[in-house]
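Structural overview for review
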Amino acid sequence: MHKRKKKRWLPAAVLGGTLAAGAFAFLPTLAQAQNDAPTPSLQAEFTAAAKEFHVPLPVLLGVARQESGWQQHSGYNQTGGYGLMNLTDVTPQMVSRGAAGAAGRSDLTSFADHPELHTLSSAAKLTGIPADRLRHRSADNIRGGAALLASYQKQMTGGTSDDPSQWTAAVARYSRLTDKKAATSYVTSVFAAIHSGAQRQAGNGSAVSLQAVPSAKPVTGQFAKLRLTDTPAPQTECPATLTCTFVPAAAANGQVSDRPANGVKITQIVLHTTEGSYDNAIETFQKAGGASAQYVMRASDGAVTQMVPNKDVAFGDGNYDSNLHAIQIEHEGFSAHGADWYTPVVYEKTAELVKWLAARYDVPLDRRHILGHDNVPGPSDDTLAGMHWDPGNSWDWTRFMRLLGAPVDDGERGVGPVGSAVTITPGFDENQQTYTVCPADDPSGKVKECGPQRGPSSALFVRSAPADDAPLLLDPVVHTDEGAKAGTDGVADWSTTVQAGQQFVVADRQGDWTAIWFDGQKGWIHNPGGRNTTPAEGVRIVKPAGTGAAHVFGTAYPQESEYPADVKPSKQTPLTAKNYGIRAGQAYVTSGEPQAASDYSPSNGKVVHGAKRYYTVQFNHRYVLVDSAEVTAAPAGR
């Protein structure tokens, strides 16, 4: 099976219980966890560490519960959090592959240059325990967290205390949150667990228990000991029909900018799924070292929390160039169960927000500009396979684009001759597809073992030949296993599907099947009588200008010589992974005019524009960028 790319963030504290209407109860699992099972002596390890460092056991347990849900994990993809105490150790490599997608950026080290992103190093100095043991051994990880808490307590109050309430400032410091409202919320959650008690049964039979301390409550006066910001929230940027509040994301999870006034155009709106609850998404985005989004939407009623001003850059989709030009919208839910979570109110309110944003920033309402996270390419060869797959094929693109007033299926279904362009239009409810869903695809905990799930879908499978039993098209970048012959029907396997609204060039026709140029190959979709496609109008077909292949890119940065002396250039390199390129005889679809390369330097606020111009081209399930000088772009014929 295709290994699911771990979601870029997950709750630091995972809440159990029943969520909003239409939701289901879920266990406190971490999708990014590599579930190193807690040992049977886990409770004893907490007890020993608390005694060693003179930390009240309820405080140590409460903080660990808030940080990890009392689960051992082996390092988040870009937040660098390790173990039950979530000791952080963010590296530039993590950032390049994480939500920032900063591969190729010359200032890559600055993304990870924040003390709050390296608490593991501080714990190592305090305890003398090697960093690798702090990362992977639960007992040492707990000791490292206890040592940090004790050091914070001594800095704040001059000594330790047996009274959990007196550890308020230390708990707030451990959160790594700098906003007063966010830190207060974290402390409130920790002390709520201490006050009421909590327990968790691990999968191997080991139990963790926090005995209730009814007298425990935060000492709010201790917040004065911390350097917390308490700036008024900016005005939300929402249409009047939405219920919006503003909660700031951590500053390290994005960049201050002045889009579009500074010349950085907003050209994309990218939709995501939180893979957790609404509240936990908001809490997680407030912690430094992870992702962020301009907006987070609640499933039950479409209420919105804005977390990053639209003028600023949110780190949301794993590609810095896309982040630079995008507005990110997160939806509460789980991609593996999208049809249960993407409620009518979510479609309606998201459409209202997207229409308002598109009008404000002149973003075209088509599927090359209104995207899912699963449509954004990796910025470099080594990031292509691991890009996220949310919101997945259970997002009803046909319905959503109609709500935007830009239907993708406007016109008579059918398919034109070889060389013409088609829009993928299978509908949704009537397009029943079966995907294999595994526990790794489902952080809700609902799926216990791999198995088929059938339901409505926005997508069609792409096969290697015109037959129902033909292997699914193999993307060798995603499926690197030796001997791999085909793609999979895994719900997370984006490499084998096309989605409603995407447009491709007809490469061949045979009976009930239509071939399209897809992923550098000829791929076949089931299309009896053209019922799953609509001839595309108003688009252009891109072909190589010469006999060689046209290069494709995941980013569009200026050339090195175009940067001023006080701005370090980003590295613009083509994607050279197998099949990546537009070879002679192949053709792909674009629309609109090519856009100039650009880059942004947050250190001095300068925007750099390049002379080269790039088309956005539908290459496979994701788009790529193509240098306009390397291709010809002619109007599509019928």
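Basis of the calculations
- Sequence order as written defines the numbering, with residues in each chain counted from 1.
- Side-chain atom pairs in this predicted model are given and counted only at pLDDT of 80 or more, local residue features only at pLDDT of at least 70, and totals for whole chains, interfaces and linings cover all residues.
- Processing note: side-chain calculations cover all non-hydrogen atoms of the structure and skip hydrogens and water entirely.
- Secondary structure follows DSSP: runs of H or I at least 4 residues long count as helices, runs of E at least 2 residues long count as strands, and numbering of each begins at the N terminus.
- In this treatment the radius of gyration is a C-alpha quantity, and the globule benchmark scales as 2.2 Å times the residue count to the 0.38 power.
- Per-residue and other accessible areas were derived by the Shrake-Rupley procedure at a 1.4 Å probe size, with only the shown protein chains allowed to occlude residues.
- At least two bridges found by DSSP between two strands are what make those strands a pair.
- To get an axis, a line is fitted to the C-alpha atoms, and for a helix only the part in contact is used. The angle between two axes follows their N-to-C directions and goes from 0 to 180 degrees.
- Criterion for a disulfide: a pair of cysteine sulfur atoms within 2.5 Å.
- Each residue's exposure class comes from its accessible area (1.4 Å probe, protein chains only) as a fraction of the maximum for that residue type: buried when under 20%, exposed when over 50%, partly exposed otherwise.
- Expected span, for any helix, means 1.5 Å times one less than how many residues it has.
- Contact between two residues is taken to exist if any of their heavy atoms lie within 4.5 Å; hydrogens are not considered.
- The salt bridge definition used is simple: a Lys or Arg side-chain nitrogen within 4 Å of an Asp or Glu carboxyl oxygen.
- A residue's pLDDT is the predictor's confidence in that residue, given on a scale from 0 to 100.
- Should an angle lie under 35 degrees it is considered roughly parallel, over 145 roughly antiparallel, and from 65 to 115 roughly perpendicular; all remaining angles are considered oblique.
- Crossing handedness follows the turn of the near helix against the far one: under a right angle anticlockwise gives a left-handed crossing, and clockwise gives a right-handed one.

**Details of the overall build of the protein chain**
Scanning the protein chain from N- to C-terminus turns up 14 helices and 27 strands. Its C-alpha atoms give the protein chain a radius of gyration of 25 Å, near enough to 26 Å, the size a compact globule of 638 residues would have. Across its three principal axes, the protein chain shows a C-alpha extent of roughly 80 × 55 × 50 Å. In the structure as shown, the protein chain presents an accessible area of about 23400 Å², 50% of it carried by carbon and sulfur atoms.

**Focus: the sheet that holds strand β18 (residues 503–510)**
The strand order across the open sheet formed by five strands is β20-β19-β18-β13-β21, and the pairing between neighbours is antiparallel. One side of each edge strand has no neighbouring strand; the edge strands of this open sheet are β20 (521–526) and β21 (533–535). Averaged over neighbouring strand pairs, the angle between their axes works out to 50 degrees when direction is ignored. Looking at chain direction, strand β13 (residues 421–424) and β21 are connected through three bridges and run antiparallel. Looking at the pairing, I424 lines up with T533 of β21.

**Some remarks on the state of the cysteines**
Here is the idea: a disulfide is a covalent bond, and it sits between the sulfur atoms of two cysteines. This structure, assessed with the given rule, holds two disulfides. Between the sulfur atoms of C438 and its disulfide partner C450 the distance amounts to 2.0 Å. When the S-S torsion is 120 degrees, as for the bridge of C438 with C450, the disulfide is right-handed. Note that C438 is positioned in the loop between β14 (432–437) and β15 (451–456) and C450 in the loop between β14 and β15, a separation of twelve residues in sequence. A residue is classified by how much of its surface remains accessible, and C450, at 45% relative accessible area, is partly exposed. Taken N- to C-terminal, the disulfide-bonded cysteines of the protein chain are connected 1-2, 3-4.

**Section: helix α2 (residues 57–68)**
Here α2 spans 16 Å end to end across twelve residues, near enough to the 16 Å set by a 1.5 Å rise per residue. In terms of burial, α2 is a largely internal element, ten of the twelve residues being buried. Considered for burial, the residues of α2 that qualify are P58, V59, L60, L61, G62, V63, A64, Q66, E67 and S68. Buried residues along α2 sit against α1 (42–53), α7 (138–157), α8 (168–174), α9 (180–196), β4 (207–210) and α10 (278–285). Two residues or fewer after α2 comes G69, characterised by a positive phi angle close to 70 degrees.

**Looking at the pattern of salt bridges**
As a working rule, side chains carrying opposite charge can pair if their charged atoms are close by. Counting across every chain of the model gives 19 salt bridges. As a salt-bridge pair, R135 and D89 come within 2.6 Å of each other at their nearest N and O atoms. With a gap of 46 residues between them, R135 in helix α6 (residues 131–136) and D89 in the loop between β2 (87–88) and α3 (92–97) connect regions that are remote in the sequence. Of the two residues, R135 and D89, neither departs from the other in class, the shared state being buried. Connected through salt bridges with shared partners, the residues E52, R133, R137, D140 and R143 form a single ionic network.

**A closer look at the confidence of the model for the protein chain**
Confidence in the prediction of the protein chain, expressed as mean pLDDT, is 89, and 91% of residues score 70 or more. In the predicted structure, residues 1–39 sits below a pLDDT of 50 and forms 140 contacts with residues beyond four places in sequence or in another chain.

**A few points about the packing of α1 against α2**
Each packed pair of helices is defined by two parameters, the angle between the axes and the distance between the axes. Remark: α1 packs on α2, axes separated minimally by 9 Å, with the N-to-C direction vectors making an angle of 125 degrees. Overall, the two elements α1 and α2 adopt an arrangement that is oblique. The way α1 lies across α2 gives a crossing that is right-handed. Residue-level contacts link Q43, F46, T47, A49 and A50 of α1 to L57, L60, L61 and A64 of α2.

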